[in-house]
Amino acid sequence: AAEGGWKAPDGSAAPNGEKPQQLQQASTASKVAKRHAESTVSVLPGMGGAGAKTGGGGGFVNDSIAKAQRRTARIAHGLMMGLAWLVFAPGSVLVARYGRKAPWWFAFHRNAGTAVAVATVVSAAMILAVRGWSTPWGRHGKVGAAVVALVLLQSCNGLLRKSFPRASWSLFHRILGITMLLGASYNCLLGATMIGWMEKGMKQAYALVCGVLAMSAMMALVMEVQRRQTTLTTKLVRTV
C-alpha cells in the first residue's frame, strides 16, 4: 500500500477498519443491485426507453388510468342506456298509447322522451370520449349511432309538431318512435352481451335485459287487449 493507507479506485481513502477486499465486495453488490433494479423497471408494461433509464413510470401509470377510465365509462354507458331505453322509453310509449285519460299523460310523455334523448346523447359522448373515433366500430356501435341520429330527429320532430298537419306528423312520430325503440332494444341486448364477457360479475346482464324486455312486452300486450275490449264494448253499447 502507498504511504497514507490504501485508497479506493475513485481516489477516496478507505474507511477506518475496512480492508480492500471488503470495499470491493460492497462495490460489486451495489452494482448488481443497481442492474437488477434497472432490468425490473425496463420490463414493466408501458415503460421503457427514457422512462426506464430515469426510473420514471409514467407510461405504466397512464395505461392503468386509461383502463380504469374506459371501464368506468363502459359501465356508466350501459347503466344510462339501459335506464333510458328499458324504463323511460317504454313508459313513455305505454302512457301515450294507453294513459291518455290521465291529465298528466302528455307531460309525462314529453319529459320521459326528453330524459331518453339527453341520456342517449350524454352516454354516447361519454363512451366516445374514452374510445375515440379511430377504433373500428362493431355492430353495437353502428346500431347505437343510428339510434342517436333517430333520437335527434325525433327531438326536432317534437319541437316542430305544430308546423305540420296533425295526421301526417302523428304518423311519422309513431313510426319513428317504434323504430327507435326496436333498434335500441336490440342494441341493449348487444351491449349486455358485450359487458357480460368484458366485466367480471356481470354475466347475467343479458338475462336481465331479456327479462325487462319481456316484462314490457307483456304489459303492452295486456294493456292492448284491455283497450280493444273497451273499444268493442263501447261500440256495442252505442249500437244497442
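Quick summary incoming for the structure in this document. Remember, it's a predicted structure, so these values are computed and weren't measured experimentally.

## Looking at a nonpolar patch on the surface
Together, M218, L221, V222 and V225 make up a nonpolar patch on the protein surface, roughly 360 Å² of accessible area in all. Structurally, the position occupied by V225 is in helix α7 (residues 205-239). V225 sits in the partly exposed class, given a relative accessible area of 39%.

## Overview of the packing of aromatic side chains
Evaluation of the coordinates by the stated rule reveals three aromatic pairs. Ring plane angle 75° and centroid distance 6.1 Å describe the contact between W104 and F108, whose orientation is recorded as edge-to-face. Classification of F108 by relative accessible area gives partly exposed; the value is 35%.

## What to know about the pattern of salt bridges
In total, this model carries four salt bridges according to the counting rule given. R71 is paired through a salt bridge with E199; the nearest N and O atoms lie 2.7 Å apart. Residue R71 is found in helix α3 (residues 58-98), and its partner E199 is found in the loop between α6 (166-198) and α7; the two are separated by 128 residues along the sequence. Notably, a salt bridge pairs R74 with E199, separated by 2.6 Å at the nearest N-O pair. Within this pair, whereas R74 is found in helix α3, its partner E199 is found in the loop between α6 and α7, the two being separated by 125 residues in sequence. On the basis of relative accessibility, which here comes to 3%, the residue E199 falls in the buried class.

## Things to note about the packing of α6 against α7
Direction vectors running N to C along α6 and α7 enclose 160°, while the axes themselves pass 7 Å from each other. As the angle between them shows, α6 and α7 are arranged roughly antiparallel. Between α6, through S185, C188, L189, A192, T193 and I195, and α7, the contact on the second element is made entirely by A205, Y206, V209, C210 and L213. Its residues assigned to classes, the contact of α6 with α7 comprises nine nonpolar, two polar and no charged.

## Describing the side chain of H77
On the secondary structure map, H77 appears in helix α3. Using a relative accessible area of 14% as the deciding quantity, one classes H77 as buried. Discounting chain neighbours no more than four positions away, the residues touching H77 are S123, A124, M126, I127 and H140.

Cut-offs applied
- Residues numbered from 1 in each chain as written.
- Predicted model: local features only at pLDDT ≥ 70, side-chain atom pairs only at ≥ 80, totals over all residues.
- Heavy atoms only, no water.
- Patch = residues over 30% accessible without salt bridge, like charges linked within 9 Å, V, L, I, M, F, W, Y side chains within 5 Å.
- Areas by Shrake-Rupley, 256 points an atom, 1.4 Å probe, with all protein chains shown as cover.
- Salt bridge = Lys/Arg side-chain N within 4 Å of Asp/Glu carboxyl O.
- Helix = DSSP H or I, 4+ residues; strand = E, 2+ residues; numbered from the N terminus.
- Buried < 20%, exposed > 50% of the residue type's maximum accessible area, 1.4 Å probe, protein only.
- Phe/Tyr/Trp six-rings, centres within 6.5 Å; stacked < 30°, edge-to-face > 60°.
- Axes fitted to C-alpha atoms, helices over the stretch in contact; angles between N-to-C directions.
- Parallel < 35°, antiparallel > 145°, perpendicular 65-115°, else oblique.
- Contact = heavy atoms within 4.5 Å.
- Nonpolar A, V, L, I, M, F, W, Y, C, P; charged D, E, K, R; others polar.

Nothing here speaks to function; it is all geometry.
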